[in-house]
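What follows is the residue order along each chain.
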Amino acid sequence: SSCRPCRATTLRCRFGYRYAGKEDCFYTAFGSRFIGCKAVCVRPIKIRQCCPGFYGTFCTACPGENGKACFANGKCHDSRSGSGSCHCNGSFYGTACERCKPGHYGPTCKKCSCYGNTTCDQKNGFCRCPPDRKGLTCNKTATYDKCSHGNVTFQCHQHASCFQNGTINATCKCDYGFEGNGTNCERTNMCKGNGGCSPHADCKYDGILNRTCTCKINYEGDGFWCR
């Protein structure tokens, strides 16, 4: 508004504006300059914003439960220009910060007290010991016989034997009459390389475990030695 004498009745704002006070100014009248007042006018503007915990054009609720964006375990990128993503606190993670990071448990995602790299149950914090560890926190060494579990944990071939090596390792070795890596075994050709028969003998394999050595024509002997 323009500067006028400081009489409240003369200080008005234009239509659409609201009177918010007055400020000093100077005005001229009858060739003289006087101190006057000028109305401070403001125009109310409505700015649409989402309530805390809501985001986007339609003010969609942030991930989490009702009234607890990000389950109160993180900060939601809310507001109309926000993405609705959760920035989780400390040891929480997940779309809605609803889970604990590995090695943490419980409603506050407390750090597990398990030995080494052993993991714990994320609900109660109980340590999940690997086969070579034991104890409440898996801090003790355990002996685990893989071979005593009927080859369920350590799969050997049906024609192989299991041998324990150390505390947790085991190896499979094919039985006599079979060859392979222990997990896959095939019958050994007993006449392979002439089967130990004399160079002057023929080896005959019965397909199971037996082989016979017979001296060739014009040679005599037991097959293992021919002349």
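Cut-offs applied
Residues numbered from 1 in each chain as written. Predicted model: local features only at pLDDT ≥ 70, side-chain atom pairs only at ≥ 80, totals over all residues. Heavy atoms only, no water. Helix = DSSP H or I, 4+ residues; strand = E, 2+ residues; numbered from the N terminus. Buried < 20%, exposed > 50% of the residue type's maximum accessible area, 1.4 Å probe, protein only. Contact = heavy atoms within 4.5 Å. Pairing = 2+ DSSP bridges. Disulfide = S-S within 2.5 Å.

The protein is annotated in an unreviewed UniProt entry as Stabilin-2 isoform X2 of Paramuricea clavata.

Enquirer: Any chance you could explain the overall build of the protein here in plain terms?
Expert: Scanning the protein from terminus to terminus reveals 0 helices and 20 strands. Each of the three principal axes of the protein carries a C-alpha extent, and together these read 155 × 45 × 30 Å. Per-residue burial for the protein yields a buried fraction of 28% across its 227 residues. Contacts in the protein between residues far apart in sequence, at least 24 positions, make up 21% of those at least 6 positions apart.

Enquirer: Before we go on, may I ask you to explain the pairing of strand β2 (residues 32-42) in this structure?
Expert: Consecutive side chains of a regular strand alternate in pointing toward one face of the sheet and then the other. The pairing of strand β1 (residues 18-29) with β2 spans 10 bridges and is classified as antiparallel. Note that in β2 the partner of arginine 18 across the bridge is valine 42. Counting the residues in the hairpin turn of β1 and β2 gives 2 residues, including phenylalanine 30, whose phi is positive at 55°.

Enquirer: Explain the state of the cysteines to me, please; I cannot follow it from the model alone.
Expert: Simply put, disulfide is the name for a covalent bond between the sulfur atoms of two cysteines. For the structure on display, the rule yields 15 disulfides. Linked covalently through their sulfurs, cysteine 70 and cysteine 86 form a disulfide whose S-S length is 2.0 Å. Handedness of the cysteine 70-cysteine 86 disulfide follows from its S-S torsion of about -90°: it is left-handed. In this pair, cysteine 70 is assigned in the loop between β6 (68-69) and β7 (74-76) and cysteine 86 in strand β8 (residues 86-88), connecting sequence segments 16 residues apart. Since its relative accessible area comes to 0%, cysteine 70 is described here as buried. When its relative accessible area of 14% is taken as the criterion, cysteine 86 is described as buried. Covalently, cysteine 114 is tied to cysteine 127 through a disulfide, its sulfur atoms 2.0 Å apart. On the sign convention where negative means left-handed, the S-S torsion of about -100° between cysteine 114 and cysteine 127 marks this disulfide as left-handed.

Enquirer: Explain the side chain of serine 198 here, please?
Expert: Structurally, serine 198 can be placed in the loop between β18 (185-187) and β19 (201-205). By relative accessible area, serine 198 is classed as buried at 4%. If near-sequence neighbours (up to four positions away) are discounted, serine 198 is found in contact with Gly223, Phe224, Trp225 and Cys226.

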